[in-house]
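Listed here are the chains, written in short residue letters.
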2 protein chains.
Amino acid sequence: METPGSQSSLHRANLERVVRAVRLAGSLTQAEIARTTGLSAATVSNIVRELKDGGTVEVTPTSAGGRRARAVSLSGDAGIVIGVDFGHTHLRVAVGNLAHQVLAEESEPLDVDASAPQGFDRAEQLVNRLIEATGVDRTKIAGVGLGVPGPIDLESGSLGSSAILPGWIGTKPAEELQGRLGVPVHVDNDANLGALGELVWGSGRGVRDLAYIKVASGVGAGLVISGKIYRGPGGTAGEIGHITLDESGPVCRCGNRGCLETFAAARYVLPLLQSSHGTDLTVEGVVRLARDGDPGCRRVIADVGRHIGSGVANLCNLLNPSRVVLGGDLAEAGELVLGPIRESVGRYAIPSAARQLSVLPGALGGRAEVLGALALALSEMGDSTLLDSTLHAAAPAFT
Amino acid sequence: METPGSQSSLHRANLERVVRAVRLAGSLTQAEIARTTGLSAATVSNIVRELKDGGTVEVTPTSAGGRRARAVSLSGDAGIVIGVDFGHTHLRVAVGNLAHQVLAEESEPLDVDASAPQGFDRAEQLVNRLIEATGVDRTKIAGVGLGVPGPIDLESGSLGSSAILPGWIGTKPAEELQGRLGVPVHVDNDANLGALGELVWGSGRGVRDLAYIKVASGVGAGLVISGKIYRGPGGTAGEIGHITLDESGPVCRCGNRGCLETFAAARYVLPLLQSSHGTDLTVEGVVRLARDGDPGCRRVIADVGRHIGSGVANLCNLLNPSRVVLGGDLAEAGELVLGPIRESVGRYAIPSAARQLSVLPGALGGRAEVLGALALALSEMGDSTLLDSTLHAAAPAFT
DNA sequence: CCGTCTATGTCCAACTAGTGAACTCTAAGC
DNA sequence: GCTTAGAGTTCACTAGTTGGACATAGACGG
């Protein structure tokens, strides 16, 4: 069964091919599947029957455009995936199906002082609430994607140092949640998930290489290379927030000086405006004021943009992505921040690398990470979990 | 024949599997092939027969250890690949076979004033000389890898601006050489090929992610991600030489200021020593003097190392490779330059990314690029050229 | 309203390719 | 000399894809 290179593995690959084609297009007729996958009509016929029997796919006898085409689409309840995202102040949960449809989504404020167990309790409750609300079958849950705002150690799966709260350091979020929900949980940091979210549903659609830059309390980047998250051998790729811009700049929480983060992250930038604009400013507030014309806020945002642009220029020289997507609250500032970023990139990156680059704001706002968590669950389960169930379901029918 | 998902494609994949297993191990018995590939003994038997008939593989009736095992190895003359490398002052050619053995290698000085056609003439001659010297069959040449010291435009295949000589700009080296030699030529820049060379034969063996930093007249990096050269969507990834270290630093040939290159490349560094050490210094000379204890040269090399280290730290934060290999003449300085690099990396990179990083000197010296060109020819042809010939050769035997 | 046309989906026979089991072969060990 | 164990081969079987024949049903033209 598990032998690579056997015909059954080929069959499996073909099943995946069909499922993927259907998923990408949303709905296809068998003839279209045959054309896009390159498989013969006969093979497609067999595979579709098998998938239909397994419940993965629905065949609607559509009498749509023409003669007698039956539209094949992923059946909505074939499998459910869940995305959970712990933010600095929010907890977000989304429920989706294998057809890449988001069935429900909800967020609630997360108390900054909450301990890790409390956080997981809240997450579990919210997940349960959404499951009930959408009325999906719990046994259909194929996987959960989990986003945490901090580095995850690949080997141990534990949360590293620069996380939101000291109390969460060393916890193993995936294990924790898996224990509560009883389904496989895959975890990654918020920047990577944001990248994945924008790639699948947002500003990164249609691109294979993408850098998602998230500016919030810290600055991080999620890198997508050839359609996959790139984490690096040690799992800490994308730490754009700690590239050095000024060797004698402000001391950063990482211990170095003049990191990009010290010029762009909320915790370092907001204090600049405290004396003039009061102490309880938020990034959102600054953005709102800037849009309304406040010159101080505009200036600060532009400066942040320029610094981010320097970092992006480095990224651009090294990796040459075709698209950079800006996420986080700051992205709401639109051209006020994107303009300076582009200007900086144009100045500091080599022209051949900068020429093809497009810098866009994220299209999903704060939802990027939850949706990315959904996408993670989908991609981590491969299509294989789905297909396994198909095979198992189909097997009795043949004996 | 070209349909994906068909049995023939499966068969092809299995052929490749076997060839790869044999190549990696050098020599295997059929039973061992079966174990490592996961294929059944019967299948292996068939595949080996097919490959043997096609001439790709040799079966030596070894009466080695035990009962009756026949060692299967790639036949040395099944296919020949050639690597050609144009350096700033050298032309290097290597001839190898599919078993990853280098059969011959030769270099000669290349006149810096040579025009592009002269250069290609010389390359053609040298290739012919080596082919004769090794006595290989010209018809067995499966492909040629070509290295050029400048950026290659992916679409047009023409040489970009920052190349060695103005006269070469706009030429299409691959076409040029392909026309003369009559076999497929694949071209890439020297940094990428150096990375590939070190990956396959040098300091990068056994690693999947590698950054090769070449310091010469310019500074460039070749990035290997998941075992493959990463060029980026625009083909200009790895331009580590032009990340900005000091916004008000020296003006760089790229138009920006304070690029890493202005602190590390020969053309900017050698003048520093001119007043004290004379005008006709070379990097090699500086390295030699430094090893003999010359304090000025040591200082300059250490400074270069520190600056390179800053760039590597950025690279490390963004990409988190597990290994960085230093190439070019400067690598000969060994610890004199590696020490400061490591120190800088330790200072400017975030600890979790720096921890697992090893910084090594290249093991191949000036040969890295030619050998990389060989590897490029091997990888570009995939195993498929090889397998095609097998299939074609085998086909008549069946009819 | 009816025949023709065309694209869809299904069925069947042919073919490709991998697999387990039985078999042969060789050298080592007792 | 006999046994044994691992290596490689052969053969019958099975899984799975494919091309072609066939049935179907709407569109189009008369």
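Reading guide: rules and limits
- Residues numbered from 1 in each chain as written.
- Chains lettered and ligands numbered in written order.
- Predicted model: local features only at pLDDT ≥ 70, side-chain atom pairs only at ≥ 80, totals over all residues.
- Helix = DSSP H or I, 4+ residues; strand = E, 2+ residues; numbered from the N terminus.
- pLDDT = per-residue confidence, 0-100.
- Contact = placed C-beta atoms within 7 Å.
- Axes fitted to C-alpha atoms, helices over the stretch in contact; angles between N-to-C directions.
- Left-handed = near helix turned anticlockwise from the far one by under 90°.
- Nonpolar A, V, L, I, M, F, W, Y, C, P; charged D, E, K, R; others polar.
- Pairing = 2+ DSSP bridges.

Asker: Let's hear about the environment of D303(A): which residues, and what values?
Answerer: Within the secondary structure, D303(A) is located in helix α10 (residues 295-319). Between the C-alpha atom of D303(A) and that of I240(A), which follows or precedes it by 63 residues, the distance is 17 Å.

Asker: How would you sum up the confidence of the model for chain A? Please name residues and give values.
Answerer: Residue and element names in this part refer to chain A. Looking at chain A, the pLDDT average stands at 85 and 91% of residues meet or exceed 70. In the model of chain A, helix α14 (residues 384-398) stands out as the element of lowest mean pLDDT, 46, in contrast to strand β12 (residues 323-327), which has the highest, 95. Contacts from residues 391-399, a stretch scored under 50 in pLDDT, to residues over four places away or in other chains number six contacts.

Asker: Explain the packing of helix α2 (residues 30-37) of chain B against helix α3 (residues 41-54) of chain B to me, and be specific about the residues and the numbers.
Answerer: Residues and elements named next belong to chain B. Remark: α2 packs on α3, axes separated minimally by 9 Å, with the N-to-C direction vectors making an angle of 115°. α2 and α3 meet at a crossing whose hand is right-handed. Side by side, α2 and α3 meet where Q30, A31, I33 and A34 of the first sit next to A41, V44, S45 and V48 of the second. Classifying every residue of the contact of α2 with α3 gives six nonpolar, two polar and no charged.

Asker: Please give an account of the interface of chain A and chain B that cites residues and values.
Answerer: Chain A puts 44 residues into the contact, and the matching count from chain B is 45 residues. Of all elements in the fold, only α1 (7-25), α10 and α12 (351-355) of chain A reach the threshold of two or more residues within the side of chain A that touches chain B. Broken down by class, the residue content of the side of chain A that touches chain B amounts to 20 nonpolar, 21 polar and three charged.

Asker: Lay out the sheet that holds strand β2 (residues 57-60) of chain A with the relevant residues and their values.
Answerer: All names here are of chain A. The strand order β1-β3-β2 describes an open sheet built from three strands, whose pairing is antiparallel. Strand pairing shows two members of the sheet lacking a second neighbour, β1 (27-29) and β2, which therefore form its edges. This sheet shows a mean twist of 30° between the axes of neighbouring strands, independent of strand direction. Pairing of β1 with strand β3 (residues 71-74), which is carried by three bridges, proceeds in the antiparallel orientation. What sits directly across from S27, in β3, is S73. Where helix α3 (residues 41-54) meets the sheet, it contacts β2 and β3, and its direction lies at approximately 110° from that of β2.

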